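Listed below are the residues making up each chain.
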Amino acid sequence: MTAVPATASSTATVVCDYDRLTPELGVAALVGGEQVAIFRLADGSVHAVQNLDPFSGASVMSRGITGSRGDVPTIASPIYKQVFSLLDGTCLVTMDKSPKAGHAPDLVVYPVTLDNGQVIIDLAGSE
Amino acid sequence: MTTEHIVVVGGGMVAHRFTEALRARDTEGRYSVEVLAEEPRAPYDRVALTSYFQLKSPEELQLGDPALWHDPLVTLHRDTRATGVDRDRRIVTVDGGREVAYDHLVLATGSYAWAPPTPGADLPGVFMYRTVDDVAALRGWVEERRAALGRPVRGAVIGGGLLGLEAAGALQSLGAISTVIQFADRLMNLQVDEGGGEALKRLIEALGVTVRCSTATQEIRAGKDGHVGSLLFADGGEQLVDVVVFATGVRPRDELGAKAGLEIGARGGVVVDDACLTADPAVSAIGEVACIQGACLGLIAPGNTMAEIAVDRLLGGSSTFPGADMATKLKLLGVDVASFGDAFATTPGALEMVYADPVNGVYKKLVLTDDATTLLGGVLVGDASAYASLRPMVGAALPGDPAAWILPEGSVEKGEIELPDSAGVCSCNNVSAGAIRDAVNHEGCHDLGAVKACTKAGTSCGSCLPLVKKIMGTELEKSGIEVSNALCEHFELSRAQLFNAIKVAEVTTFSEVIERFGTGRGCDICKPTVGSILASLYNAHVLGGDRAALQDTNDRVMANMQKDGTYSVVPRVPGGEILPEHLILIGQIAQDYGLYTKITGGQRIDLFGARLEQLPSIWKRLVDAGMESGHAYGKSLRTVKSCVGSTWCRYGVQDSVGMAIALELRYRGLRSPHKLKLGVSGCARECAEARGKDVGVIATDKGWNVYVGGNGGFTPVHAQLLVEDVPDDEVFRVIDRYLMYYIRTADRLQRTAPWQQEHEGGLDRIREIVVEDSLGLGEELDAHMARHIDSYEDEWKAVLNDPERLKQFTSFVNAPDQADPTLAYVEQRGQRRPATPEERAGGAVLIAPSTLEVRS
Ligand code: SRM
Ligand SMILES: Cc1cc2nc3c(=O)[nH]c(=O)nc-3n(C[C@H](O)[C@H](O)[C@H](O)COP(=O)(O)OP(=O)(O)OC[C@H]3O[C@@H](n4cnc5c(N)ncnc54)[C@H](O)[C@@H]3O)c2cc1C
Ligand code: SF4
Ligand code: FES
């Protein structure tokens with residue numbers, strides 16, 4: 001997480017204050033029409049992924065349970081419990097299910113920057 | 001060593017097994033394999049074809065690891081039909097004239113669906129049921145006709161065997177009305193006897209399928225539009241239809257073999273010996289196309305066996321075909337039918353032992369030797385739960401009284417069975433008990449996944465899985481290998497151990513728990529478990545402290561998440577008794593928020609489709625009127641179901657409603673390893689179905705009988721009597737202790753029924769502990785429950801009073817006034833429901849969430 005000023009990119013959006021985030025409890029945000037799920041973990045790091053759960057088609061990832069598999073911080077879907085890496089969005093546990101038609105199994109990850117106590121999401125940097 | 005080239009004609013299930021087994025065992029790479037498949041896709045699971053209707057894409061039917069087809073020694077040609085074989089030149093010709101040379105040829109061309117010659121069988125709207133393309137076309141047709149006709153499509157399946165019933169179920173799942181036309185005098189006449197056929201018919205009809213037995217179809221007639229219109233029967237009857245499926249049997253695709261001059265069996269099929277070889281040593285035939293020991297076998301198990309034999313022979317082995325196990329189990333949702341061994345008691349002197357309960361559509365028959373000891377076969381209709389255990393016992397003596405296997409659960413004690421090593425456990429994949437033991441003891445397979453991967457047991461129809469698991473467990477126990485009870489990668493402890501550890505250490509937060517007893521950050525398995533244990537122990541608010549992040553999907557917001565991410569709210573209605581003004585309030589809330597309403601199976605009213613941010617204002621309406629939201633979520637008390645009881649009912653002997661209310665208020669909010677349901681009936685007529693509950697209380701002239709360990713759901717079990725004729729206060733005391741003891745010692749997600757069954761010494765031992773207090777735990781359990789009852793708080797109201805917790809009930813952190821824009825609904829029967837992906841794509845009339853704002 002490098003501190004980049006909010007003005008560095010025109011696609012970057014200030015979402016909320018860092019203090020608004022409760023450790024390990026996700027929130028959803030609307031960023032340029034996209035739904036983004038944002039997580040502040042116990043170690044202070046902040047991660048953002050698509051809010052859409054590819055396996056159910058519902059926009060609910062922000063309401064999943066955070067955790068880890070090995071050293072990788074994870075988020076589990078609240079609907080069918082697939083587990084995804086918060087680092088690169090890879091689906092680590094498919095629960096023997098396939099994603100809904102038209103969806104990739106992995107989540108899109110959005111870069112998060114913190115500036116002056118504010119959480120900034122940049123859609124353009126997604127992978 | 002030079003590589004020899006094998007050509008397999010046919011890309012079906014058996015071709016797949018052959019290729020997979022060859023590549024697994026031919027470690028030196030002696031052979032390369034080329035598979036010529038007529039269908040446009042890689043081999044798939046034909047046995048599971050009917051599940052196509054529930055699947056998103058045909059890929060889900062894929063067999064095994066797709067990496068097989070990328071193996072450098074394997075080539076798969078799809079859309080490629082073999083048209084001729086020149087055995088002298090060892091060449092196969094394919095469509096278009098290309099020639100493929102072989103050193104060894106394997107015919108695995110399977111069967112085709114056969115239909116009796118019937119005028120009109122070629123009309124549009126008549127289907128076969130064999131391939132993915134068949135079922136895809138069938139689905140397309142039904143959907144198109146429904147749209148064109150504007151009414152449910154009328155379907156008929158000709159053929160009432162295994163396949164016909166599956167197809168009828170499939171038609172129904174497509175929303176069509178379905179009728180089964182059976183030529184024989186009963187359904188599944190090849191597998192079940194007359195009594196079984198009767199019971200089966202009743203079960204099938206209960207699904208809404210019409211059954212016509214002893215009916216010959218003479219002609220299929222076109223309607224005015226040139227599509228199928230009606231069926232004409234030999235007895236002069238006629239039936240209107242929009243779609244017809246033939247499921248009248250299969251015939252081997254032996255045309256290539258015949259053309260190549262190979263011997264063909266009297267009823268078709270390429271004749272092979274017990275090594276699966278034809279008279280030409282360079283040609284084998286396996287699967288349904290092979291005529292082995294005089295017959296073609298239409299099941300996957302013998303096909304897989306033949307594939308394994310062919311591979312073994314190519315690698316220099318000497319295995320031979322052992323004969324086929326023709327045991328079958330119908331895979332139709334909701335209907336249990338199985339037949340195995342000598343189901344028709346054709347063995348001289350065979351005895352038949354029959355149990356029939358026509359009212360409930362249960363028919364069970366065991367066929368035994370004349371001394372009534374050795375099992376020869378059987379038919380199970382309506383309840384085939386004993387199939388997995390009994391089938392492998394064919395030919396062996398049943399321990400104890402054989403009647404125990406067919407009488408209702410619990411009426412006679414069952415003997416313990418220890419299967420001989422040679423007993424087949426998984427018939428689909430031909431895996432014996434010995435092979436499973438071997439995998440556990442010598443291959444290091446210590447969990448179900450490993451045993452499945454190593455032996456293939458349980459990987460096809462899955463009906464043997466309970467048995468596989470049991471054998472594995474017994475072996476592990478015998479060899480002293482500890483069956484890992486670890487919760488997950490973060491905790492080595494089992495739930496019961498962790499419960500004790502937390503209790504003794506008196507820790508109250510997840511961070512302390514994982515620091516002391518675990519590793520890492522936790523996950524979606526251990527977090528909710530710890531959350532539940534903390535709640536059972538301290539009964540503090542589920543969203544308080546650091547606990548919100550531990551809660552599973554529903555507990556986290558104290559409502560049930562639905563498929564589209566909205567929630568349902570189920571107001572608590574203790575004992576099912578409700579004031580008219582509360583009924584009106586519930587209706588009013590539903591109207592104001594546009595919620596879908598439904599009466600639940602638990603005597604209350606469910607309101608569906610509330611968005612996260614709407615939950616607090618809905619709860620407030622309930623709280624203000626003296627109600628509360630209820631737990632339809634949470635591993636906690638759900639409902640206490642009651643019958644009307646002595647206050648109104650002319651038979652009632654106690655106030656069952658009063659008792660139910662008292663119990664619901666006593667245990668509401670109690671967190672436990674799995675959900676808890678109670679029921680109270682006012683007399684032995686048992687209108688509240690209390691014995692289907694974790695705890696059932698049934699009124700007697702002298703007091704109450706308390707039953708425990710009942711379960712509905714996937715494996716229904718009736719509750720067993722714990723104490724008899726006790727007064728009210730004793731009812732509470734016994735249940736307090738039973739529940740608390742369960743909460744402390746059960747496994748994660750283990751309901752009372754399996755807990756009680758697996759508890760050392762069973763219910764008798766539990767009775768000693770909770771009723772006779774043999775461990776001296778009684779007082780502690782009482783005190784623990786008293787603490788729970790005293791500290792109960794309305795958890796929804798608590799959130800309303802806490803601005804911090806309320807913040808979580810926001811749609812978007814940066815746009816709290818906007819609703820999830822992806823929600824979309826359509827109207828159905830006067831209420832709204834989530835739109836399907838097709839409806840969204842097709843732009844069907846959608847009700848967007850913005851129109852659902854609160855009207856007040
Ligand atoms: C609403 C209701 C169906 C209905 O419309 O009638 C229902 C709905 C659900 N049931 Fe149920 N069950 C409902 C009565 C039942 C009953 C009948 C009963 O309680 O008398 C049973 C069988 C009895 C039993 O539990 O032993 C039942 C057996 C299950 C099971 C299987 C449990 C098992 O031991 O095998 C599950 C799955 C689970 O809990 O793991 C389940 C799970 C569910 C869940 C919670 C699934 C989920 O996680 O989303 C459903 C969500 C409810 C919601 O969103 O509001 N539901 N469910 C019923 C609510 C009753 C109530 O007022 O609380
Ligand atoms: C709906 C349904 C449910 C079933 N349920 C069960 C069950 O519960 N239990 C059970 O044991 N069995 C069941 N079966 C039967 C089981 O599917 C078959 O026994 C099994 O598929 C046989 O495998 P096979 O490889 O011999 O033939 P198939 O799977 O039929 O494969 C043969 C393949 O060869 C291709 N082929 C044929 N001729 C040529 C050619 N000249 N050139 C190239 N390719 C060719 C065919 O197109 C086909 O793809 C079911 C079948 C169906 C249709
Ligand atoms: S269980 Fe008994 S008291 Fe209750 S409604 Fe039925 S008959 Fe009446
Ligand atoms: S018996 Fe079908 S998978 Fe084992």
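Each remark here, short or long, concerns the structure printed above.
These numbers were taken from a predicted model, which means no experiment stands behind them.

Student: Describe the overall build of chain B, and please don't skip the residues or the numbers.
Tutor: The helix and strand inventory of chain B stands at 24 helices and 38 strands. Excluding contacts between residues fewer than 6 apart, the proportion of contacts in chain B whose partners are at least 24 apart in sequence is 61%. For chain B, the computed accessible surface area is about 36,700 Å², with 51% contributed by carbon and sulfur atoms.

Student: Give a detailed account of the overall build of chain A, specifying residues and quantitative values.
Tutor: Counting its regular elements, chain A contains zero helices and 11 strands. Moving toward the C terminus, one meets the helices and strands of chain A in the order β-β-β-β-β-β-β-β-β-β-β. Counting the 127 residues in chain A, one finds 51% classified as buried. Summarising the internal contacts of chain A: among those between residues at least 6 apart in sequence, 43% fall at separations of at least 24. A total of about 5,200 Å² of accessible surface is found on chain A, and carbon and sulfur atoms cover 51% of it.

Student: Describe the packing of aromatic side chains, listing the residues and the values that go with them.
Tutor: For any two aromatic rings, the description comes down to two numbers: the centre-to-centre distance and the angle of the planes. All names here are of chain B. The tally for this structure, following the rule as stated, stands at 10 aromatic pairs over all chains. Taken together, a centroid distance of 5.6 Å and an interplanar angle of 75° make the contact between Y738 and W755 edge-to-face. Taken together, the positions of Y738 in helix 18 (residues 728-745) and W755 in helix 19 (residues 752-758) put the pair 17 residues apart, joining distant regions of the chain. On the accessibility criterion, W755 (4% relative accessible area) is buried. The lysine or arginine in question, R391, covers the ring of Y387, its NZ or CZ lying 5.6 Å from the ring centre. Across from the ring centre of Y651, 3.7 Å away, lies the NZ or CZ of R685, which sits over that ring.

Student: Break down the interface of chain B and chain A for me, citing the residues and quoting the values.
Tutor: Contacts between the two partners involve 37 residues from chain B, matched on the other side by 35 residues from chain A. Across the chain B to chain A interface the summed buried area is about 2,900 Å²; carbon plus sulfur atoms make up 52%. Considering only the side of chain B, the residues that lose the most area to chain A are B:R521, B:R556 and B:V813, jointly responsible for 25% of the buried surface there. Here A:R69 makes a salt bridge to B:D524, at a shortest N to O gap of 3.3 Å. Taken together, the links from chain B to chain A amount to 21 residue pairs in polar contact (both at pLDDT 80 or more). Of all the secondary structure elements, the ones that give two or more residues to the side of chain B that touches chain A are helix 13 (526-538) and helix 14 (553-557) of chain B. Partitioning the side of chain B that touches chain A into residue classes produces 12 nonpolar, 13 polar and 12 charged.

Student: An account of the site of ligand 3 is requested, with residue identities and associated values reported.
Tutor: All residues in the neighbourhood of ligand 3 are listed as B:C643, B:V644, B:G645, B:C649, B:Y651, B:G652, B:G682, B:C683, B:R685, B:E686 and B:C687. Its residues placed into classes, the shell around ligand 3 shows six nonpolar, three polar and two charged.

Student: Let's hear about the pairing of strand 37 (residues 825-828) of chain B: which residues, and what values?
Tutor: Residue and element names in this part refer to chain B. Direction of pairing for strand 37 relative to strand 38 (residues 831-834): antiparallel, over a ladder of four bridges. Bridge pairing in strand 38 places Y825 opposite P834. Adjacent in sequence and paired antiparallel, strand 37 and strand 38 are bridged by two residues, among which R829 carries a positive phi angle near 45°.

Student: With reference to specific residues and values, describe the side chain of A:S59.
Tutor: With respect to the helices and strands, the residue A:S59 is situated in the loop between strand 4 (46-50) and strand 5 (65-69). In this structure the side chain of A:S59 is engaged in a polar contact, spanning 3.4 Å, whose partner is the side chain of B:T822. Look past the residues within four positions of A:S59 in its chain and what remains in contact with it is A:Q35, A:N51, A:L52, B:D820 and B:T822.

Student: Account for the sheet that holds strand 9 (residues 109-110) of chain A, naming residues and giving values.
Tutor: All names here are of chain A. Spatial strand order, 2-3-4-9: four strands in an open sheet with antiparallel pairing. Pairing within the sheet leaves two strands with one partner each, and these edge strands are strand 2 (27-31) and strand 9. Of the pairings in the sheet, the one linking strand 2 to strand 3 (residues 34-40) comprises five bridges and is antiparallel in character. Bridge pairing in strand 3 links L30 to Q35.

Student: I'd like a description of the pattern of salt bridges, backed by residues and values.
Tutor: Considering all chains together, one arrives at 53 salt bridges over all chains under this definition. The salt bridge partner of A:K81 is B:D552, with a shortest N-O separation of 2.5 Å. Of this pair, A:K81 sits in the loop between strand 6 (72-76) and strand 7 (83-85) while B:D552 sits in the loop between helix 13 and helix 14, which puts the two residues in different chains. Taking relative accessible area as the criterion, B:D552 reaches 24% and is therefore assigned partly exposed. Between B:R46 and B:E39 there is a salt bridge, with the nearest N and O atoms lying 3.1 Å from each other. Residue classification places B:E39 among the buried residues on the basis of a relative accessible area of 15%.

Student: How would you explain the nonpolar core if you had to name every residue and give the values?
Tutor: All names here are of chain B. Grouped together as the largest cluster of nonpolar side chains are 55 residues, with contacts concentrated most on F491 and L663. Considering every element that reaches this core, the biggest residue donor is helix 18, with 10 residues. Viewed by domain, this core spans two of them, domain 5 (495-551) and domain 6 (635-799), each represented by three or more residues. If we skip the residues at most four places from it in the chain, L663 touches V640, L678, V680, V697, F732 and I735. Counting 53 residues, the second-largest nonpolar core is a separate cluster that includes V14, L36, V94 and L262.

Student: Hey, could you go over unusual backbone geometry for me, with residue numbers and the actual values?
Tutor: Phi at A:K81 is positive, roughly 70°, even though this residue is not glycine. Judged by its relative accessible area of 22%, A:K81 is partly exposed. Phi is positive for B:C276, close to 70°, though the residue is something other than glycine. Following the sequence through the fold, B:C276 ends up in the loop between strand 18 (270-272) and strand 19 (283-285). Classification of B:C276 by relative accessible area gives buried; the value is 0%.

Student: So, the sheet that holds strand 24 (residues 362-368) of chain B: which residues are in play, and what are the values?
Tutor: Strand order in the open sheet formed by five strands is 21-22-25-24-23 (chain B), with antiparallel pairing between adjacent strands. Among the strands making up the open sheet, the edge pair consists of strand 21 (328-329) and strand 23 (351-357) of chain B.

Student: I'd love a proper account of the environment of A:V108, names of residues and values included.
Tutor: Tracing the backbone through its elements, the reader meets A:V108 in the loop between strand 8 (91-93) and strand 9. On a C-alpha basis, the gap between A:V108 and A:V49 in space is 5.6 Å, while along the polypeptide they are 59 residues apart.

Student: Pulling in residues and values, what's your account of the state of the cysteines?
Tutor: If you walk through the whole model with that rule in mind, you get zero disulfides over all chains. B:C488 supplies the cysteine sulfur nearest to B:C523, a cysteine that is in no disulfide, at a spacing of 3.8 Å.

Student: Describe empty space enclosed by the protein, with residues and values.
Tutor: Counting across every chain of the model gives four cavities of 30 Å³ or more. For the largest cavity, the full set of lining residues is B:A535, B:N539, B:A540, B:H541, B:V542, B:G669, B:R671, B:S791, B:Y792, B:E793 and B:E795. Residues of the lining of the largest cavity, tallied by class, amount to four nonpolar, four polar and three charged. Structurally, the lining of the largest cavity is a two-domain feature, drawing no fewer than three residues from each of domain 5 (495-551) and domain 6 (635-799) of chain B. By volume, the second largest cavity is sized at about 50 Å³. Around the second largest cavity sit A:R63, A:G64, A:I65, A:A76, A:S77, A:P78, A:K81, B:D524, B:Q551, B:D552, B:T553 and B:R556, which together line it.

Student: Kindly report on helix 2 (residues 132-149) of chain B, identifying the contributing residues and their values.
Tutor: Each full turn of the α-helix corresponds to 3.6 residues, which orients residues three or four apart in the same direction. All names here are of chain B. Over its 18 residues, helix 2 extends 26 Å from the first C-alpha to the last, a length consistent with the 26 Å expected when each residue adds 1.5 Å. V132, D134, V135, L138, W141, V142 and R145 are the residues of helix 2 that are buried. In this structure, the buried residues of helix 2 make contact with strand 9 (126-127), helix 3 (162-173) and strand 16 (243-246). One or two steps after helix 2, the chain reaches G150, where phi turns positive at roughly 65°.

Student: Give a detailed account of the pairing of strand 23 of chain B, specifying residues and quantitative values.
Tutor: Residues and elements named next belong to chain B. With seven bridges joining them, strand 23 and strand 24 adopt antiparallel strand pairing. Residue pairing across strands places V354 opposite K365, the latter belonging to strand 24. In sequence, strand 23 turns back onto strand 24 through a hairpin of four residues, with G361 there showing a positive phi of about 65°.

Cut-offs and rules
- Going along each chain's sequence as written, the residues are numbered from 1 onward.
- Whichever chain is written first becomes A and whichever ligand is written first becomes 1, with later ones labelled in order.
- The predicted origin of the model limits local features to residues at a pLDDT of at least 70 and limits the giving and counting of side-chain atom pairs to 80 or more, whereas totals for whole chains, interfaces and linings rest on all residues.
- With hydrogens and water set aside, each side-chain value is computed from the structure's full complement of heavy atoms.
- Runs of E in the DSSP output that reach at least two residues are strands. Runs of H or I that reach at least four are helices, and both are numbered from the N terminus.
- The criterion used for residue contact is that any of the two residues' heavy atoms lie within 4.5 Å.
- Note on areas: Shrake-Rupley with a 1.4 Å probe; residue coverage comes only from the protein chains shown.
- Relative accessibility thresholds used throughout: buried, under 20% of the residue-type maximum; exposed, over 50%; partly exposed, between the two (1.4 Å probe, protein chains only).
- In this scheme Phe, Tyr and Trp rings, the latter by its six-membered ring, pair at centre separations within 6.5 Å, and the angle between planes marks the pair as stacked below 30 degrees, edge-to-face above 60, and tilted otherwise.
- We call a charge positioned above a ring when the Lys NZ or Arg CZ atom is no farther than 6 Å from the ring centre and deviates by at most 35 degrees from the ring normal.
- Two parts placed together each lose some accessible area under a 1.4 Å probe, and the buried area is that loss summed for both.
- We count a salt bridge whenever a side-chain nitrogen from Lys or Arg sits within 4 Å of a carboxyl oxygen from Asp or Glu.
- Counting of polar contacts relies on pairs of N or O atoms within 3.5 Å, with two restrictions inside protein: one atom must be capable of donating a hydrogen and the other of accepting it, and residues adjacent in sequence are counted only when both atoms are side-chain atoms.
- Under the grouping applied here, Gly and all other residues not named as nonpolar or charged are polar, the nonpolar ones being Ala, Val, Leu, Ile, Met, Phe, Trp, Tyr, Cys and Pro and the charged ones Asp, Glu, Lys and Arg.
- One heavy atom within 4 Å of a molecule or strand makes the whole residue count as near it.
- Paired strands, as defined in this entry, are two strands with at least two bridges between them according to DSSP.
- The definition of a nonpolar core used throughout is a set of buried Ala, Val, Leu, Ile, Met, Phe, Trp, Tyr and Cys residues joined through side-chain atoms within 4.5 Å.
- Where each domain begins and ends is defined by an automated method or by a domain database.
- Two cysteine sulfur atoms form a disulfide, by the criterion used here, when they sit within 2.5 Å.
- Only protein atoms enter the calculation, which uses a 1 Å grid: trapped sets of points that fit a 1.4 Å probe without letting it out are cavities, open sets showing protein on both sides within 12 Å along at least five of seven lines are pockets, and any residue with an atom within 4 Å of a point is a lining residue.
- Grid points are joined across faces, edges and corners, and a volume is the space filled by probe spheres set on the points.
- To estimate the expected span of a helix, subtract one from its residue number and multiply by 1.5 Å.

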